[in-house]
Amino acid sequence: MTTPSAATPSTAPGTGHGRTPTPTSASRGRGFLGPVGLVLAGGISVQFGGALAVTLMPRAGALGVVTLRLLVAAVVLMVLCRPRLRGHSRADWGTVIVFGIAMAAMNGLFYQSVARIPLGPAVTLEVLGPLTLSVLASRRAVNLVWAALALAGVFLLGGGGFSGLDPLGVVFALGAGAMWAAYILFSARTGRRFPQADGLALAMAVAAVLFLPLGVIESGAKLIDPTTLALGAAVALLSSVLPYTLELLALRRLPASTFAILMSLEPALAAAAGFLILDQALAATEAAAIALVIGASMGAVRTQVGRGRAKGAGAAS
């Protein structure tokens, strides 16, 4: 699972170094495919990291896996970013702490979900959080169509009543989606208050400290087993450090709207990872449900982008 924190990038595409290049049409194509490839690689990394985490759960438990992921990611990001701890206001610290709480809750709920239901349906249900946020933020009538499409997908996914899925796993996935929406909001606020990725590093450290007692209570000495530690580090690198880095590089040249649409493909990537690593095959109705949610997410993003362009044109005139 990745996070759309970069959906509000601070640097516009093509202006990262204070100049706007004028490439040929061929180089423009390569320039576009480059960052798109980075985002897709990040999404693949996240979902295969999630599949690896599922295989680790019998050794360390769901809470233990989350603890290892957050701890390793926090250490790596703190070393790479070396954020300043002084000079921040109380409001700055309040924002980053809430950001960290949302991050911890999002990861904890998601891993509790994939411990009970397949990876593809779990990510599909989780995506409903950002989708709902997008629909509410837009406030356009057409978004009712996207919401209805998403609900149809959820109905199919549950077989008409979620009889084929663990109800508790469904609740955890929906809770993770709500926390993902909160993550998006506080990620944007943190990005405005802290330079570079400093706020992300600090929030990850907050999340790791908050989750550590839960992981120790559930897993205890299992967390320091060398094999478990190595697998946990791999999960952290695949699910957090690598995708965050790839997305950061991509968003220097990629419009936020394109990034958001690519994020809508995550349920499909999750289903592929679940099939290839966990042997979690999808029924035809589950595949159709995932396609409906992906379509709803893309439609909502395109509607919001169109509204933004209309506002920009109106202001220019």
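Criteria and cut-off values
Residues numbered from 1 in each chain as written. Predicted model: local features only at pLDDT ≥ 70, side-chain atom pairs only at ≥ 80, totals over all residues. Heavy atoms only, no water. Phe/Tyr/Trp six-rings, centres within 6.5 Å; stacked < 30°, edge-to-face > 60°. Buried < 20%, exposed > 50% of the residue type's maximum accessible area, 1.4 Å probe, protein only. Lys NZ or Arg CZ within 6 Å of the ring centre and 35° of its normal. Axes fitted to C-alpha atoms, helices over the stretch in contact; angles between N-to-C directions. Helix = DSSP H or I, 4+ residues; strand = E, 2+ residues; numbered from the N terminus. Parallel < 35°, antiparallel > 145°, perpendicular 65-115°, else oblique. Left-handed = near helix turned anticlockwise from the far one by under 90°. Nonpolar A, V, L, I, M, F, W, Y, C, P; charged D, E, K, R; others polar. Salt bridge = Lys/Arg side-chain N within 4 Å of Asp/Glu carboxyl O. pLDDT = per-residue confidence, 0-100. Contact = heavy atoms within 4.5 Å. Core = buried A, V, L, I, M, F, W, Y, C linked by side-chain atoms within 4.5 Å.

**Q** Describe the packing of aromatic side chains, listing the residues and the values that go with them.
**A** Applying the stated criterion across every chain yields a total of two aromatic pairs. Centroid distance Phe110 to Tyr111: 5.7 Å. Interplanar angle 90°. Geometry classified as edge-to-face. What makes Tyr111 buried here is its relative accessible area of 1%. One Lys or Arg, Arg189, reaches over the ring of Phe186 and ends 4.8 Å from the middle of that ring.

**Q** For the packing of helix 2 (residues 90-114) against helix 5 (residues 167-193), give the residues involved together with the corresponding values.
**A** What describes two packed helices is the angle between their axes and the distance between those same axes. With their axes 7 Å apart at the nearest point, helix 2 and helix 5 run at an angle of 155° to one another. Considering the angle they form, helix 2 stands roughly antiparallel to helix 5. Between helix 2 and helix 5 lies a crossing of left-handed hand. Considering only residue class, the contact of helix 2 with helix 5 consists of 18 nonpolar, seven polar and three charged.

**Q** So, the environment of Ser239: which residues are in play, and what are the values?
**A** Here Ser239 shows up in helix 7 (residues 226-250). A sequence separation of 170 residues divides Ser239 from Arg69, and the C-alpha atoms of the two residues are 8.0 Å apart.

**Q** Mind laying out the pattern of salt bridges, listing which residues take part and the relevant values?
**A** In the structure shown here, the tally under the stated rule is two salt bridges. Here Asp225 makes a salt bridge to Arg59, at a shortest N to O gap of 3.0 Å. Placement of Asp225 in the loop between helix 6 (198-219) and helix 7 and of Arg59 in helix 1 (residues 25-81) is noted, with a sequence separation of 166 residues between them. Residue Arg59 is classed as partly exposed on the basis of its relative accessible area of 37%. The partner of Asp92 in a salt bridge is Arg193, and the shortest N-O contact between them spans 2.7 Å.

**Q** Break down the confidence of the model for the protein chain for me, with residues and values.
**A** For the protein chain, per-residue confidence averages 76 on the pLDDT scale, and 73% of positions sit at 70 or higher. Confidence scores differ between elements of the protein chain, with helix 8 (residues 256-263) showing the lowest mean pLDDT of 61 and helix 2 the highest of 93. When the criterion is pLDDT under 50, residues 1-33 qualifies, and its contacts beyond four places in sequence or with other chains add up to 50 contacts.

**Q** Could you give me a rundown of the environment of Cys81, with the residues and numbers involved?
**A** Considering the arrangement of structural elements, one finds Cys81 in helix 1. Counting along the chain gives 119 residues from Cys81 to Leu200, while the straight-line C-alpha distance between them is 9.2 Å. If sequence neighbours within four positions are ignored, Cys81 has contacts with Ala197, Asp198 and Ala201.

**Q** Talk me through the packing of helix 2 against helix 6; I want residue IDs and the actual numbers.
**A** With their axes 7 Å apart at the nearest point, helix 2 and helix 6 run at an angle of 55° to one another. What the angle tells us is that helix 2 and helix 6 run oblique. Helix 2 and helix 6 meet at a crossing whose hand is right-handed. Residues Trp93, Val96, Ile97, Phe99, Gly100, Ile101, Met103, Ala104 and Gly108 of helix 2 pack against Gly199, Leu200, Leu202, Ala203, Met204, Val206, Ala207, Leu210 and Phe211 of helix 6. Looking at side-chain class alone, the contact of helix 2 with helix 6 contains 15 nonpolar, three polar and no charged residues.

**Q** Break down the side chain of Gln112 for me, with residues and values.
**A** In this fold, Gln112 is placed in helix 2. Gln112 sits in the buried class, given a relative accessible area of 14%. Beyond its immediate stretch of four places on either side in the chain, Gln112 contacts Ala62, Leu63 and Phe172.

**Q** If you had to explain the nonpolar core to someone new, which residues and values would you point to?
**A** Residues Met103, Phe110, Tyr111, Val114, Leu119, Tyr183 and Met204 are the most contacted members of the largest nonpolar core, which totals 57 residues. Every element with two or more residues in this core is listed here: helix 1, helix 2, helix 3 (119-138), helix 5, helix 6, helix 7, helix 9 (266-278) and helix 10 (284-316). When residues of this core are assigned to their parent elements, the largest contribution, 14 residues, is made by helix 1. When residues no more than four places from it in sequence are discounted, the contact partners of Met103 are Tyr183, Leu200, Ala203, Met204 and Ala207.

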